[in-house]
Amino acid sequence: MRFLSKFYIDGFILSILATVALASVFPARGTAADVVGVLTKIAIALLFLLYGTRLSPKEALAGLTHWRLHLVVLASTFVLFPLLGLAARLLVPGVLTDDLYTGLLFLCLVPSTVQSSIAFTSIAKGNVPGAIVSATASNLLGVFVTPLLVILLMNTTGQASVDFSSIGDIVLQLLVPFAVGQLIRPKVIGWLSRYAEPTKLVDRGSILLVVYSAFSAGMVEGIWHMLSPWRILALAGVCCVLLALVIAATMLAGKVFGFAPADRIVIVFCGSKKSLATGLPMATVLFASQPVGLIVLPLMMFHQIQLITCAALAQRWARKADAAGAEAAD
């Protein structure tokens, strides 16, 4: 890693790229896919258990009451993104096909990610309690808001509905482990303070599992072979521009509204991400009679791009925070 740092190549980014390559050559299928899914859920639950042990009740309460932060994140997720998605209609048919545009607009309507948003915020030394509340609120609201926006802005069957068991999944997989972590915090906080490596391993490991699971699903579906290379490259370019615009807007919003640096990190990571885990099941229901594989392709591609981009940002900001801390200590 020290050798790579001389060339400004981050080891974590290489790990993500290697995971994508692994999923491309050896995607998880059948029973293996089920095992990867279970391992991913366990890693995410463990991640939130650790977050609960690291955060004092006072910090957690502060995250709940930081309403200005959460409003900015929600505005980015459910206002800025949909507006950009509607504007992208101009790219049809020259750049995007009708199905790809439907998918692009749909990705603009799904909620933010939870686990990776919080993990990246943690890596970048941001406001983790604020990220937990913002990302979770976005995901919970998305269960109701995303189908409503789809009905209002898109042509669907008119029978759009969502499996509300996802609310229970969020509670059981995220909030319950976090609460357990809060309960056991007094007994384990000393050990975690002395040994930070296990937490870093879970942070990064959960992201790598999400990447492998998501990219494997795309390979198994075969959606990468449904389009010409030109269309795939064009879609990748559109996703990159979309992400760049939102990251720039969230960075600007953090400065304009006078948020602290730790809160700006939350706004960028929670406000610029889109959830593949939530979006894929919704698409299956909302577009049952349409080419779901093509419609979810923009979301899958955007998901990979956002993970790689945000990993690079998180590592960069973490190094800046460490350097600032070292200067303060001197």
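Whatever comes next refers back to the structure up there.
Keep in mind that this is a model prediction, so the values were computed, not measured.

## Digging into the overall build of the protein
Right, on to step 1. Secondary structure summary: the protein contains 14 helices and 0 strands in total.
Right, on to step 2. Secondary structure of the protein in N-to-C order comes out as α-α-α-α-α-α-α-α-α-α-α-α-α-α.
Right, on to step 3. Out of the 330 residues in the protein, the part that is buried amounts to 50%.
Right, on to step 4. In the protein, of all internal contacts separated by at least 6 residues, the share reaching a separation of at least 24 is 86%.
Right, on to step 5. Of the roughly 15,400 Å² of accessible surface on the protein, a fraction of 70% belongs to carbon and sulfur atoms.

## A word on the packing of helix 7 (residues 115-123) against helix 12 (residues 261-271)
How two helices pack is summed up by the angle between their axes together with the distance between the axes.
Right, on to step 1. Look at helix 7 against helix 12: their axes get within 9 Å of each other, and the N-to-C directions meet at 150°. Here helix 7 is positioned roughly antiparallel relative to helix 12, judged by the angle of their axes. The handedness of the crossing between helix 7 and helix 12 is right-handed. Where helix 7 abuts helix 12, its residues Ser117, Phe120 and Thr121 lie against Ile265, Val266, Phe269 and Cys270.
Right, on to step 2. Looking at side-chain class alone, the contact of helix 7 with helix 12 contains 5 nonpolar, 2 polar and no charged residues.

## A few points about helix 5 (residues 67-87)
Right, on to step 1. Compared with an ideal rise of 1.5 Å per residue, which puts 21 residues at 30 Å, helix 5 spans 29 Å between its outermost C-alpha atoms and is within 8% of the ideal.
Right, on to step 2. Here helix 5 has its buried residues at Leu69, His70, Val72, Val73, Leu74, Ser76, Thr77, Phe78, Phe81, Pro82 and Gly85.

## Structural notes on the environment of Phe269
Right, on to step 1. Assignment of secondary structure puts Phe269 in helix 12.
Right, on to step 2. Of the residues examined, Phe269 reaches a relative accessible area of 0% and is grouped as buried.
Right, on to step 3. Setting aside chain neighbours within four positions, we find Phe269 in contact with Ser117, Phe120, Thr121, Ala124, Cys310, Leu313, Ala314 and Trp317.

Procedures and definitions
Residues numbered from 1 in each chain as written. Predicted model: local features only at pLDDT ≥ 70, side-chain atom pairs only at ≥ 80, totals over all residues. Heavy atoms only, no water. Helix = DSSP H or I, 4+ residues; strand = E, 2+ residues; numbered from the N terminus. Buried < 20%, exposed > 50% of the residue type's maximum accessible area, 1.4 Å probe, protein only. Contact = heavy atoms within 4.5 Å. Areas by Shrake-Rupley, 256 points an atom, 1.4 Å probe, with all protein chains shown as cover. Axes fitted to C-alpha atoms, helices over the stretch in contact; angles between N-to-C directions. Parallel < 35°, antiparallel > 145°, perpendicular 65-115°, else oblique. Left-handed = near helix turned anticlockwise from the far one by under 90°. Nonpolar A, V, L, I, M, F, W, Y, C, P; charged D, E, K, R; others polar. Expected span 1.5 Å × (residues − 1).

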